[in-house]
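# Observations on the three-dimensional arrangement
Here's the letter readout for the chains.
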Protein chains: 2
Amino acid sequence: MNRTMLWAMFTPETTAAELFPLDPAASQPLYRQIYERVRGAIASGVLKPGDRIPSARALTKELGLARGTIDTAYALLAAEGYVQTRGQAGTIVTPDLKARAPVASLPSRPEVGGAASFRPDTILPFQMGLPALDLFPRKIWAQLGAQRARAMQPADMVHPSVFGLPALRTGIAAYLQVSRGIDCAPAQVFVTSGYRHTLSLIAKALLTAGDLVWVEDPGYPPTRDLLGQMGLKPAPVPVDRDGLIVSEALRAAPHARAAVVTPAHQSPLGVSLSLPRRLALLDWARRHDAWIVEDDYDGEYRYVSRPLPALKSLDRDHRVLYAGTFSKVLLPSLRLAYLVVPPNQVERFEATSQGFTGGSPELTQSIVAAFIAEGHFARHIQRMRRLYAERRAMTVAGFEAVLGSRFAIDAQPGGMHLLLRPRDGRADRELVAAMREAGLFGEALSDWAAGGQGAQAVLVNFTNIASREAAEALARRLVMA
Amino acid sequence: MNRTMLWAMFTPETTAAELFPLDPAASQPLYRQIYERVRGAIASGVLKPGDRIPSARALTKELGLARGTIDTAYALLAAEGYVQTRGQAGTIVTPDLKARAPVASLPSRPEVGGAASFRPDTILPFQMGLPALDLFPRKIWAQLGAQRARAMQPADMVHPSVFGLPALRTGIAAYLQVSRGIDCAPAQVFVTSGYRHTLSLIAKALLTAGDLVWVEDPGYPPTRDLLGQMGLKPAPVPVDRDGLIVSEALRAAPHARAAVVTPAHQSPLGVSLSLPRRLALLDWARRHDAWIVEDDYDGEYRYVSRPLPALKSLDRDHRVLYAGTFSKVLLPSLRLAYLVVPPNQVERFEATSQGFTGGSPELTQSIVAAFIAEGHFARHIQRMRRLYAERRAMTVAGFEAVLGSRFAIDAQPGGMHLLLRPRDGRADRELVAAMREAGLFGEALSDWAAGGQGAQAVLVNFTNIASREAAEALARRLVMA
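Residues numbered from 1 in each chain as written. Chains lettered and ligands numbered in written order. Predicted model: local features only at pLDDT ≥ 70, side-chain atom pairs only at ≥ 80, totals over all residues. Heavy atoms only, no water.

Moving on, we come to the sheet that holds strand β3 (residues 91-93) of chain B. All names here are of chain B. The three strands lie next to each other as β1-β3-β2, forming an open sheet whose pairing is antiparallel. Bordering the open sheet on either side are β1 (52-53) and β2 (83-85), each of which pairs with just one other strand. Bridge analysis of β2 against β3 gives three bridges, and the strand direction is antiparallel. Of the residues in β3, the one forming a bridge with T85 is T91. (Pairing = 2+ DSSP bridges. Helix = DSSP H or I, 4+ residues; strand = E, 2+ residues; numbered from the N terminus.)

Residues and elements named next belong to chain B. One way to put it is that helix α8 (residues 166-180) packs onto helix α14 (residues 362-373) with a least axis distance of 8 Å and a crossing angle of 40°. Relative to α14, the element α8 is oriented oblique. The handedness of the crossing between α8 and α14 is left-handed. For the pair formed by α8 and α14, the contact residues are A167, L168, G171 and I172 on the first element and Q365, V368, A369 and I372 on the second. Looking at the contact of α8 with α14 residue by residue, the class counts come to six nonpolar, two polar and no charged. (Axes fitted to C-alpha atoms, helices over the stretch in contact; angles between N-to-C directions. Parallel < 35°, antiparallel > 145°, perpendicular 65-115°, else oblique. Left-handed = near helix turned anticlockwise from the far one by under 90°. Contact = heavy atoms within 4.5 Å. Nonpolar A, V, L, I, M, F, W, Y, C, P; charged D, E, K, R; others polar.)

With that settled, consider the confidence of the model for chain A. All names here are of chain A. On average, residues of chain A score 85 in pLDDT, and 83% of them reach the 70 mark or higher. A low-confidence stretch, residues 1-27 stays under pLDDT 50, and its non-local contacts, those more than four residues away or across chains, total 38 contacts. A low-confidence stretch, residues 99-121 (pLDDT under 50), is modelled with 59 contacts involving residues beyond four sequence positions or located in other chains. We note a pTM of 0.77 for the whole complex and an ipTM of 0.76 for its interfaces. (pLDDT = per-residue confidence, 0-100.)

This next bit is on the pairing of strand β11 (residues 337-340) of chain A. All names here are of chain A. Residue alternation in β11 divides its side chains into two sets, A337 and L339 and Y338 and V340, and both sets are buried. Note: strand β4 (residues 189-192) against β11, four bridges, orientation antiparallel. Bridging across to β11, F190 finds its partner in L339. Relative to β11, strand β10 (residues 320-325) runs antiparallel, the two being bridged by four bridges. From the neighbouring strand, A323 faces β11, where its bridge partner is L339. (Buried < 20%, exposed > 50% of the residue type's maximum accessible area, 1.4 Å probe, protein only.)

Once that is clear, we can look at unusual backbone geometry. All names here are of chain A. Backbone torsion omega between S267 and P268 reads 15°, so that peptide bond is classified as cis. Along the chain, the position of P268 falls in the loop between β8 (258-261) and α12 (275-288). The phi dihedral of D289 is positive, around 50°, even though this residue is not glycine. Considering the arrangement of structural elements, one finds D289 in the loop between α12 and β9 (291-295). Taking the relative accessible area as the measure of exposure, D289 reaches 47% and is therefore partly exposed.

All names here are of chain B. Across the sheet, which stays open at both edges, the eight strands sit in the order β4-β11-β10-β9-β8-β5-β6-β7 with mixed pairing between neighbours. The open sheet has two free edges, formed respectively by β4 (189-192) and β7 (243-244), since each of these has just one partner strand. Here strand β5 (residues 212-217) pairs with strand β6 (residues 233-240) via six bridges, running parallel. Bridging across to β6, V215 finds its partner in P236. Packed onto the sheet, helix α9 (residues 195-206) meets β4, β8 (258-261), β9 (291-295), β10 (320-325) and β11 (337-340) and runs at close to 30° relative to β11. Seen against the sheet, helix α12 (residues 275-288) touches β5, β6, β7, β8, β9 and β10 and runs at an angle of roughly 140° to β9.

It is worth spelling out the nonpolar core at this point. Ranked by size, the top nonpolar core spans 162 residues in total, and within it F326 of chain A together with F326 of chain B carry the most contacts. Those residues in contact with F326 of chain A, other than ones at most four positions away along the chain, are L168, I172, L331, L334, L336, A337, Y338, V368, I372 and F377 of chain A. (Core = buried A, V, L, I, M, F, W, Y, C linked by side-chain atoms within 4.5 Å.)

Moving on, we get to helix α13 (residues 346-354) of chain A. Where α13 of chain A is concerned, the buried positions are V346, F349, E350, T352, S353 and Q354 of chain A. Among the structural elements, β4, α9 (195-206), β10 and β11 of chain A together with α9 of chain B are those in contact with the buried residues of α13 of chain A.

This part covers the pattern of salt bridges. Counted under the stated rule, the structure contains 27 salt bridges over all chains. In this structure, the salt-bridge partner of D296 of chain B is R180 of chain B, at a minimum N-O distance of 2.8 Å. Pair noted here: D296 of chain B is in the loop between β9 and β10 and R180 of chain B is in helix α8, with a separation of 116 residues, a long-range link. One salt-bridge network, in which partners are shared between bridges, spans D283, R286 and R287 of chain A. (Salt bridge = Lys/Arg side-chain N within 4 Å of Asp/Glu carboxyl O.)

Let us look at the environment of A252 of chain A. Relative to the elements of secondary structure, A252 of chain A occurs in helix α11 (residues 246-252). Sequence spacing of A252 of chain A and P236 of chain A is 16 residues, and the spatial spacing of their C-alpha atoms is 9.0 Å.

Shown next as structure tokens:
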């Protein structure tokens, strides 16, 4: 069956582009649309058992889509028993299809979730937390991936170390020394599967249910949620232009056992924790034997001056737990993050890790370790810092031109998002809901406030906005929302 | 500098094989031995800043080692700042090495841990829980790995679904239907990072702190530990030749809210849960609204007859949570497992997953999904089932010949290990300690008993014993222990 025949299956007059809607903003991801077309054709009898369908390669070419999209659709069809791939002979509709009940298919409804959730397969403009996906060094990455997969040895096939791959821990320690001013040994580095895992590990090792923990207000909502889930009590502390107000914290919750802070650029306000505040925080931790969790989620991305050294670099008394992640500087799909613990806490964290996690997959760790060791990581971060500075400036310019009368545009000195503050008093949650209707992402600043109240603004990510024109076009869509 | 010069650095007379001890049973993994040789040469001044060292390719050839081993050693050296790779120009000792303090190196001491822990980089004979590493289809795996890495699209770069990759969930559902008699939709399948994650997810979704949970006695020790960590109360229930004694459980802990069982071949005794017991367990769960966790960790591996259908296949009342894993049928280093929940619990598990995990890395899931969809998975399981039947028979024959007078050898109808029961009344813990001294793995059956008492036996894995001769040689080492 050639491609004309495939389209003819549905309606002879339509073209491929009409059959396979290519709007990425559609609620269905593309692979799923293809999957359902083929499945529908089989179900309705248009495609019969034994019929050949176009090869993934041919369909990729014809539709101008990514090969991965077609492969996923075909893999789904094959896994559900609708089609069979017969190597060179091509792909056919399963001959004895009637005899077998195909497995019920996956419901297409999106995952539930609050402000900070993500809908996989559907990437909306302004989506928070994503690095620039268009300029990721995919070729180098794929080469390393292929190389590490081929290099797999028996030692790479067994249970991975629950502390992390030695080469990766070593690479992270070297990177932190050069780039974030942190002097640590590889044994202090624990590889985790994400911020949630990092924070749970800290709580399990060092805190007790009922402990009070200072959190920034406004601040990253999952921090509060996670602490609550672990039986800890988040104590919100207001943030001003110098970051967390330590004197307020001391007044409101003097007996706190820990603080979770984002010193590089506060999440979400973007301010840096000032040096006096850093010293005050360290002093409090020293005097009270309390712990400071430094969430340095995107500390590398500062545009108005050199990135600040990490708070951890000032930690003479071993009170700071440093939490880093590869989600923002590489890819969220890696599920790799890490934690640096003080040297005198290494044994405790080793013991806690043993009973807590099975470790991260070997292959992913191995690829990242090679990416660091071969120098790609340092180069990638430098390139992204320059790129994001440009995209930030272009986005601000485009937004000012279209939105300047409606919003005060708050370009932060660092990070990956902007704050749009409505001049007309419109509620941020209402605006975010309208944006979602219009196919745009946005988060309401009031959802980041501990009480759900306070300043009104919309948070939008700019790292995937590639030109001023794109920024203006998106701004116009936002005006309509 | 050519290879002769590298060896000459150390002592002119030695050969490569003498310099790099190739005994895999040494406490240091090979890559680390190479790493320390080179680092030592730099520290002692034998290798000077700017000196060229052999390329990884040349050293691989020279030492007859795997390329991955050399790459890991070099990556470590590079990450710690000792050497620099300059593409075609080769690898040199870092020119300004003196000016920089190399990062402290990773301590080489093994991880702490109890009976069921694993020491990465050192695979001992009889190591529990490992599939046959020599016959894993590495070539196909590497091809799929390379292909999936190259096929990466933006949708594969963002946060993965916390429920699992759709193509993988679909593949698992199709496999379970054909192979384990379980009729489930992909939406009922939740991908996890391992048994620990699976059990935590179940506890979080369905149980409350303080709940009693039936566990098998003897039984897999991490189950008891994990339940305890989550605030649940494990209630040990004795196991006889028909599996968990349900009547005993009803008598001893009638108010339990859940049971964790290994029906296919009980872990560690290898018996199957009989049909009357299965029905009694299901009846109990129905009447008490209790939950049954079916841990089907290696249900595929049965040698005396066809693998039994899963308990889940009899679950008319939606009380069974089915826990599967890829650790035993593929590789432990994948960190991929899964959970099948009843259809009426899907929403609850979706909600729980949202606040509980960040999902598993995209690449690993994508490779496994392709491995399933292309039919490699079904073929691999069939091949391993035949292979393990052979290796089990050869191991039993070799052990009988050498150890028959000292041990009763308990060859189970399924699974991946044998039980050696000392005829001379020697304590199993003492024997296991002596085996470890002799470089052999083993676990004491008494460590698997809830009270730490009971029948004495040593558990040894046979899947990596490739011949009767190897079995006899290992048996002789065991006699000396």
